[in-house]
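The chain contents come next:
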Amino acid sequence: MTHIAIAEQLDDSHEPGGFVTKYIWSQDHKVIAIQYAITAIFVGLIALVLSAIMRLQLGFPDSFSFIDPSSYLQFVTMHGMIMVIYLLTALLLGGFGNYLIPLMIGARDMVFPYLNMLSYWTYLLSVIVLICSFFVTGGPTGAGWTLYPPQAILQGTPGADKGIILMLVSLAIFIVAFTMGGLNYVTTIFQARAKGMTLMRMPLTLWGILTATILGLLAFPALLVSAIMMLFDMLLATSFFMPAIVSLGDNLAYTGGSPILFQHLFWFFGHPEVYIVALPAFGMVSDVIATHARKNIFGYRMMVWAIVAIGGLSFVVWAHHMYVSGMNPYFGFFFATTTLIIAIPTALKVYNWVLTLWRGNIHLTVPMLFAIGFIFTFTHGGLTGLWLGNVVVDLPLSDTYFVVAHFHMVMGVSPVMVLFAAIYHWYPKITGRYFHQGMGKFHFWLTFLGTYAIYLPMHYLGFLGVPRRYFAIGDSNFIPDSAQTLNASITVSAIIVGIVQLIFIYNVIWSLKYGKKAPANPWGATSLEWQTPDTPPKHGNWGAKLPVVHRWAYDFSVPGAESDFIPQNMTDSEVTWVSGQPPQDREKT
Amino acid sequence: MAIFTGLREKPWLSQTPDLASAANNSATRNPGKTALKFFLAVVSMLFFLFIITFLSRTQFADFQALTGKPWLPLENSTQLWINTGYILLASVCFQISSAFKQVNYPTKLLMITLAIVFSVLFVFGQLGVWQTLAADGYLINTNPANSFFYLLTGLHVIHLLGGVLALLRLLFRLALTTNHQQFDANLKLVTFYWHYLIIVWLVLFALLTSSTETFKTIAQLCGF
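Attention in this report is confined to the structure presented alongside it.

Parameters and conventions
- Residues numbered from 1 in each chain as written.
- Chains lettered and ligands numbered in written order.
- Predicted model: local features only at pLDDT ≥ 70, side-chain atom pairs only at ≥ 80, totals over all residues.
- Heavy atoms only, no water.
- Helix = DSSP H or I, 4+ residues; strand = E, 2+ residues; numbered from the N terminus.
- Rg over C-alpha atoms; globule rule 2.2 N^0.38 Å.
- Buried < 20%, exposed > 50% of the residue type's maximum accessible area, 1.4 Å probe, protein only.
- Contact = heavy atoms within 4.5 Å.
- Areas by Shrake-Rupley, 256 points an atom, 1.4 Å probe, with all protein chains shown as cover.
- Lys, Arg positive; Asp, Glu negative; His and termini not counted.
- Charge placed at Lys NZ, Arg CZ, Asp CG, Glu CD.
- Patch = residues over 30% accessible without salt bridge, like charges linked within 9 Å, V, L, I, M, F, W, Y side chains within 5 Å.
- Salt bridge = Lys/Arg side-chain N within 4 Å of Asp/Glu carboxyl O.
- Axes fitted to C-alpha atoms, helices over the stretch in contact; angles between N-to-C directions.
- Parallel < 35°, antiparallel > 145°, perpendicular 65-115°, else oblique.
- Left-handed = near helix turned anticlockwise from the far one by under 90°.
- Nonpolar A, V, L, I, M, F, W, Y, C, P; charged D, E, K, R; others polar.
- Phe/Tyr/Trp six-rings, centres within 6.5 Å; stacked < 30°, edge-to-face > 60°.
- Lys NZ or Arg CZ within 6 Å of the ring centre and 35° of its normal.

From N to C terminus, chain B includes eight helices and zero strands. The C-alpha atoms of chain B give 22 Å as radius of gyration, which overshoots the globular expectation for 224 residues (17 Å, by more than 25%). Across its three principal axes, chain B shows a C-alpha extent of roughly 70 × 50 × 25 Å. Counting only residues that meet the buried cut, chain B has 46% of its 224 residues in that class. Counted over contacts in chain B with a minimum sequence separation of 6, partners at least 24 positions apart contribute 77%. For chain B, the exposed area adds up to about 11500 Å²; of that, 67% sits on carbon and sulfur atoms.

Structure follows, in structure tokens:
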């Protein structure tokens, strides 16, 4: 069966009937995408509140009786885990992956719609299990998002009874959900592309999603392995990771397991996870920048190669998270080198985004503002990554606020900036209405400047040596009192930025009803999702006939063409040329 | 490799798209096969990581291999060999049912049934080994070697049972339709999966019944 035949199939088997099959047990990729997005944003808001509570304690110590050292650690842990896995991974791949893949490749749906539906419901189950841990005795785990043994499962750590079990089980369920979704995304991209859509004609968004999904498929097993083995250690008293240990005066039954083994497994997942989040963001921001600068993306092939190279390299840098765990110096040298090498394709991408903007016809729309904001925050976070990638620089800075500032800039703020850019960019296609521009711009400026007000001072706190994860700094000789003033100002900024996100949520909901009606292709974009016969696209996406692709996704401002963009499904003869016919030299370029 | 040729394409050049060749790229593929390949990559990664962890753990002082000395339980691995025979037979049955065009449907179904029976026998055989080990005092938490034995064989059995479930679903769907072509295509995938499970089992079998000296050599080769 050829992929064309698969794509052409008008599969009526999951045509939605009533409300339930249309919005709840739906097998339509667009509905599943929205379900993923709503669930992810919902848990993301919980994590946002947790971070606000943490900041209240740090900014104004001992002012709030409901935060004690144990609950503080629990908030830190849950904030990190939710943001990285249940929000970012789920929203970027489950949400945008689901929505955009079939539309951008010109397919009617994912190749396995039922599996797709199952993927969402399994994800929801993992979220429910995770949230349950807030309500069990002892509360959620407070082991830090890395869940390092032995402390993660030893008495004395918050949530060491039930919280940690629920966390590990929830992660295992999430991985099952991701694998179901991921197999679907990859298979759909490889098998169901429309006629003429070669891999190199795909928008960069798809390259980002494809590579990130493959990374996820290969990296999440490492987390699953460590979760299973830690559950065994906890429930069956095996000693995979648990060393011989004396806890609270008792000799525990464990014999010489290796906690470092866990760290290797965890970071073999953990580092690719950074790119599972970053690569879709790289892809989407490229498309937003090209569309709103009315210019083809600079160095498309290099951009694709860079995505693939980053994906490959991301598997050989994991131990840079473990310099302080102690390792063979040659190991440290190897991992520092690979870490610095990964900066090359990454920097190449940043240059290409900037060069795309150069002499572009830049429209400072809300998505574009967020995209440009991303270039700033990502460069910033990426550069501090170069510092931390060196063993000698990492050792004194490890476990300080410098690291917190670094990873929040690079994989917290940056992907979130792209998520906002993407939501604003695709909102008119998803809902058929414009969002409110004024609220969007207000949201951008306060978020962008606010995140700098939060994270820039954190670098300085890190230099001072303020340790991360601490409930309170207390008295120390090396930390000046002014650090506390800085902490208070960071907290105020964080609360403001947190509240501003409510404006975004309000904007999304308000515009659903009151937003101005949007045309099918309001930004003048070239990729296929903007060429659907209906906006928002209906079930089956393309009406009676599938699109045929005649060009790449970046034909903006083509010399000689009347319009400043040529959609991918338009032939040369359908284009209106200023001179009445295509320029002669066009064939030779 | 077509993918590398594809990556050199210059999509910005204005060209008459060779639609036929673009379509032909995947003319012989089907989505089930692609999905299975990626799924097996995921499963391979899972077992690979477990095996690496296992090999690394063998070099700790408290690790006591299950073979190597006459009194150790897996020194006599007859039952494991019998189990290997079961899973091999299951695979052979699948191969007969899916590879030969002249096999008629009743024979095909008979072969599939036999394959399921052999697979279930394999599972019970593995459970038997577990019971023998437990009865001899080799519990899951008494030594890391035991822990890995239960964990890895258990994981392998779960994958096999998953395959059986998928197969039962296929048979159920076959009963509802007359579309034999789709069933045959899927049966090929199931056969492939069983062959894959044999390879995984053989690797696990070899590793789990290795002696301390073998582990030491492997670890030295791997640089642990």
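We are not done yet, so read on.
Along chain A, the regular secondary structure elements total 15 helices and two strands. A compact globule built from 589 residues should have a C-alpha radius of gyration of about 25 Å, and chain A, at 24 Å, falls within 12% of that. Dimensions of chain A along its principal axes, counting C-alpha atoms only, are 85 × 50 × 50 Å. By residue count, 63% of the 589 residues in chain A fall in the buried class. Counting only contacts in chain A whose residues sit at least 6 apart along the sequence, the fraction spanning at least 24 positions is 78%. When the accessible area of chain A is evaluated, it comes to approximately 21600 Å², of which 69% is carbon and sulfur surface. Across chain A, the mean location of the 26 positive side-chain charges is 11 Å away from that of the 26 negative side-chain charges.

Moving on, we get to a nonpolar patch on the surface. Residues and elements named next belong to chain A. There is a patch of nonpolar side chains on the surface, built from Phe19, Val20, Tyr23, Ile24 and Trp25 and spanning about 520 Å² of accessible area. In this fold, Val20 is placed in helix H2 (residues 19-24). Residue Val20 is classed as partly exposed on the basis of its relative accessible area, which comes to 41%.

Another aspect to go through is the packing of helix H5 (residues 105-135) of chain B against helix H7 (residues 180-208) of chain B. Residues and elements named next belong to chain B. Two numbers describe how H5 lies on H7: the axes approach to 13 Å, and their chain directions differ by 30°. Between H5 and H7, the angle falls in the class roughly parallel. In this structure, the crossing between H5 and H7 has a hand that is left-handed. Packed against H5, whose contacting residues are Tyr105, Lys108, Ile112, Ser119, Phe122 and Gln126, the element H7 presents His180, Phe183, Asp184, Leu187, Trp194 and Trp201 at the interface. Residue composition of the contact of H5 with H7, grouped by class: seven nonpolar, three polar and two charged.

This part takes up the side chain of Thr338 of chain A. All names here are of chain A. Considering the arrangement of structural elements, one finds Thr338 in helix H10 (residues 329-357). On the accessibility criterion, Thr338 (9% relative accessible area) is buried. When near neighbours in sequence (up to four residues on either side) are disregarded, Thr338 contacts Val316 and Val317.

This part takes up the pattern of salt bridges. Within this structure, the stated rule accounts for eight salt bridges over all chains. Notably, a salt bridge pairs Arg469 of chain A with Asp399 of chain A, separated by 2.9 Å at the nearest N-O pair. Of the two residues, Arg469 of chain A sits in the loop between helix H14 (437-464) and helix H15 (482-514) while Asp399 of chain A sits in the loop between helix H12 (391-397) and helix H13 (401-431), which places them 70 residues apart along the sequence. Asp184 of chain B is the partner of Lys108 of chain B in a salt bridge, and the nearest nitrogen-oxygen pair spans 3.1 Å. Of the two residues, Lys108 of chain B sits in helix H5 while Asp184 of chain B sits in helix H7, which places them 76 residues apart along the sequence.

Here the focus is the packing of H13 of chain A against H14 of chain A. All names here are of chain A. Here H13 crosses H14 at 170°, and the two axes come no closer than 8 Å. Classified by the interaxial angle, the pair formed by H13 and H14 is roughly antiparallel. On H14, the residues that touch Tyr401, Phe402, Val404, Ala405, His406, His408, Met409, Val413, Met417, Phe420 and Tyr424 of H13 are Gly440, His443, Phe444, Phe448, Thr451, Tyr452, Tyr455, Met458, His459, Leu461, Gly462 and Phe463. In the contact of H13 with H14, the residues fall into 16 nonpolar, seven polar and no charged.

All names here are of chain A. Residue position: Val366 is located in helix H11 (residues 366-389). With a relative accessible area of 0%, Val366 lands in the buried category. If sequence neighbours within four positions are ignored, Val366 has contacts with Tyr424, Phe435, Gln437, Gly440 and Lys441.

The tally for this structure, following the rule as stated, stands at 69 aromatic pairs over all chains. Ring centres of Tyr72 of chain A and Phe471 of chain A lie 5.9 Å apart, and the angle between their planes is 70°; this geometry places the pair in the edge-to-face category. Remark: Phe471 of chain A occurs in the loop between H14 and H15 and Tyr72 of chain A occurs in helix H4 (residues 69-105); sequence separation between them is 399 residues. Across this residue pair, the class does not change: Tyr72 of chain A and Phe471 of chain A are buried. Arg57 of chain B extends its terminal NZ or CZ atom over the ring of Phe60 of chain B, reaching a point 5.2 Å from the ring centre.

In short, the description is geometric, and any link to function would need to be established separately.
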